[in-house]
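Residues per chain are reported as follows:
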Amino acid sequence: MLQSTSPVPQHIAIIMDGNGRWAQERGLPRAFGHRAGAERVKEIVEHCSDLGVKYITMYAFSWENWERPEEEIHQLMRLLDEFIRRETPDMLKKGIRLQSIGRIDHLPEDTVQHLKQSIKETAGGKKICLTLALSYGSRQEIVDAVRTVAGQVKSGELNPKDIDERSIQQALYTADYPDPDLLVRTSGELRLSNFLLWQLSYTEIYVTEKNWPDFDIVELEKAITEYQKRDRRYGKTKSTAKESERISLRS
Ligand code: IPE
Ligand code: IPE
Ligand code: MG
């Protein structure tokens, strides 16, 4: 049962894993798992929004996923394109603001256009910010951030001795978002798979055996209930931090 007295996470990040296994268990091709997985996204985002979650970041396609068979990549790109085109009017209506992180210039040109259009159209959404991690890898994000910071040093805008946690955080794709409070990974794997390595430093981790296409709102509430029982210490000896407190960035 969700605790009405404990706060819900402000930002939930999800590694949506297990589509292939979901299909395999049913004797179906992997593509069916991806379709079933894509159909889950809407209800989870909307339920998060109803619960008062302000940011949800979903790992939809990793940098390393480009190494999958061409046919599977093609199916995933088609599903992404369908999702953006089908859901944009509803996102607008429901106050969902779409964003993306990752090297999206590697996505098919049409999809990039649809994505940018949807981001523009939904920019006024105030209920929840949905960030899709697409062609995303955390190490690649850090490489891109180092390039940005190096550029600032080269132009004289930044002195190397003034580089601190904040200057790096500001150069990440996620500069505008608070760090996730809760990370959910479906299908049981105990790894980060190159997702938000910097941002997850003090995030509470919840792993479920459920495959992503089976992750419904009951499962979501289980994850949040578990989160509400955690004692976030941020390295201190006891929890004095209130939920709203964030680690202060020290230089
Ligand atoms: C997650 O499901 C979707 C993507 C990574 C794009 P998988 O396709 O990884 O499914 P499993 O892990 O093989 O079951
Ligand atoms: C992580 O899942 C990426 C996404 C969910 C998009 P993977 O299936 O690619 O991760 P590994 O290969 O099991 O680490
Ligand atoms: Mg997987």
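For every chain, the first residue of its written sequence is number 1, and the numbers climb from 1 along that sequence. Ligands are numbered from 1 and chains lettered from A, in the order in which they are written. With pLDDT at 70 or above as the cut-off, local features in this predicted model cover only qualifying residues; side-chain atom pairs require 80 or more to be listed or tallied, and sums for whole chains, interfaces and linings still use all residues. Each side-chain value is derived from all of the structure's non-hydrogen atoms; neither hydrogens nor water enter the calculation.

Asker: I would appreciate a short explanation of the overall build of the chain in the present structure.
Answerer: Along the chain, the regular secondary structure elements total seven helices and six strands. The globule rule puts the C-alpha radius of gyration for 251 residues at 18 Å, and the 19 Å found for the chain is close to it. The principal-axis extents of the C-alpha atoms in the chain amount to approximately 55 × 45 × 35 Å. Each residue's exposure class comes from its accessible area (1.4 Å probe, protein chains only) as a fraction of the maximum for that residue type: buried when under 20%, exposed when over 50%, partly exposed otherwise. Evaluated residue by residue, the chain yields a buried proportion of 48% over its 251 residues. Throughout, a contact is declared for two residues whenever any of their heavy atoms are within 4.5 Å. Excluding contacts between residues fewer than 6 apart, the proportion of contacts in the chain whose partners are at least 24 apart in sequence is 77%. Here the Shrake-Rupley method, with its probe set to 1.4 Å, supplies the accessible areas, and only the displayed protein chains count as covering residues. Carbon and sulfur atoms make up 50% of the accessible area of the chain, which amounts to about 13500 Å² in all. The way it works is that DSSP assigns letters per residue, a run of H or I at least four long becomes a helix, a run of E at least two long becomes a strand, and they are numbered from the N terminus. Our radius of gyration is a C-alpha quantity, and the globule rule it is checked against amounts to 2.2 Å times the number of residues to the power 0.38.

Asker: What is the right way to look at the pattern of salt bridges in this model?
Answerer: Should their charged atoms come close, side chains of opposite charge can pair. We count a salt bridge whenever a side-chain nitrogen from Lys or Arg sits within 4 Å of a carboxyl oxygen from Asp or Glu. Scanning the entire structure with this criterion turns up 28 salt bridges. Residue R21 pairs with E189 through a salt bridge whose shortest N-O separation is 2.9 Å. Note that R21 is positioned in helix 1 (residues 19-25) and E189 in the loop between strand 5 (182-185) and strand 6 (204-207), a separation of 168 residues in sequence. You can call R21 partly exposed: its relative accessible area is 30%. Here the salt bridges share partners, and the residues they tie into one network are R35, K42, E46, E82, R86, E87, D90, K93 and K94.

Asker: What's the story with the sheet that holds strand 2 (residues 55-62) in this structure? I'm lost.
Answerer: Whenever strands of a sheet pair, they do so through backbone hydrogen bonds, lying parallel or antiparallel. In spatial order, the strands read 3-4-2-1-5-6; together these six strands make up an open sheet with parallel pairing. Among the strands making up the open sheet, the edge pair consists of strand 3 (96-101) and strand 6. Direction aside, the axes of adjacent strands within the sheet are offset by 20 degrees on average. Strand pairing is defined by DSSP finding a minimum of two bridges between the two strands. Summarising the sheet, strand 5 and strand 6 pair through four bridges and their orientation is parallel. Each bridged residue has a counterpart across the sheet, and for R185 the counterpart in strand 6 is V207. Packed on one face of the sheet, helix 3 (residues 70-93) meets strand 2, strand 3 and strand 4 (128-136) and runs near 165 degrees to strand 4. To get an axis, a line is fitted to the C-alpha atoms, and for a helix only the part in contact is used. The angle between two axes follows their N-to-C directions and goes from 0 to 180 degrees.

Asker: Where do I start with the nonpolar core in this structure?
Answerer: Proteins that are soluble and globular tend to have nonpolar side chains buried together. Core analysis: the biggest nonpolar cluster contains 37 residues, and I12, I14, I44, I56, M58 and L130 have the highest contact counts within it. Here this core takes seven residues from helix 3, the largest share from any one element. Beyond its immediate sequence surroundings of up to four residues, I56 is in contact with H11, I12, I14, I44, V45, C48, I128, C129, L130 and T131. Judged by nonpolar contacts, the second largest core, of 13 residues, contains Y55, Y177, F195 and L200. Here, the term nonpolar core denotes a set of buried Ala, Val, Leu, Ile, Met, Phe, Trp, Tyr and Cys residues that are joined through side-chain atoms within 4.5 Å.

Asker: Looking at this structure, I do not really get the site of ligand 1. What am I missing?
Answerer: Whether a residue is near a molecule or strand is decided by its heavy atoms; if any one of them lies within 4 Å of it, the residue is near. Surrounding ligand 1, one finds 13 residues, the nearest of these being D17, G20, R21, R30 and R68. Contact distances for ligand 1 include 2.7 Å between an oxygen atom and a side-chain N or O atom of R21. At 2.7 Å, a side-chain N or O of R68 approaches an oxygen atom of ligand 1. Mapped by element, the contributors of at least two residues to the shell around ligand 1 are helix 1, helix 2 (30-51) and helix 3. If one sorts the elements of the shell around ligand 1 by residue count, helix 1 sits on top with three residues. In terms of residue class, the shell around ligand 1 is built from three nonpolar, five polar and five charged. Whenever a nitrogen or oxygen atom comes within 3.5 Å of another N or O atom, the pair is scored as a polar contact, on the condition that within protein one atom can donate a hydrogen and the other can accept it, and that pairs from neighbouring residues in sequence are kept only if both atoms are in side chains. Under this grouping Gly is polar, as are all residues other than the nonpolar Ala, Val, Leu, Ile, Met, Phe, Trp, Tyr, Cys and Pro and the charged Asp, Glu, Lys and Arg.

Asker: What should I look at first to understand the site of ligand 2 in this one?
Answerer: Every residue near ligand 2 is listed here: I15, M16, D17, Y59, A60, F61, S62, N65, R68, R185, R191 and S193. The contact in question runs from an oxygen atom of ligand 2 to an N or O atom on the side chain of R191, over 2.8 Å. S193 places a polar side-chain atom, nitrogen or oxygen, 2.6 Å from an oxygen atom of ligand 2. For ligand 2, whose free accessible area comes to 390 Å², the fraction covered by protein is 79%. Ranked by residue count, the leading element in the shell around ligand 2 is strand 2, at four residues. Across the shell around ligand 2, the residue classes break down as five nonpolar, three polar and four charged.

Asker: Looking at this structure, how should I read a nonpolar patch on the surface?
Answerer: The patch calculation keeps residues exceeding 30% relative accessible area without a salt bridge and links them within 9 Å when they carry like charges or within 5 Å when they are nonpolar (Val, Leu, Ile, Met, Phe, Trp, Tyr). Taken together, the side chains of I142, V146 and L197 make up a nonpolar region of the molecular surface, amounting to roughly 220 Å² of accessible area. Positionally, L197 belongs in the loop between strand 5 and strand 6. Residue L197 is classed as partly exposed on the basis of its relative accessible area, which comes to 34%.

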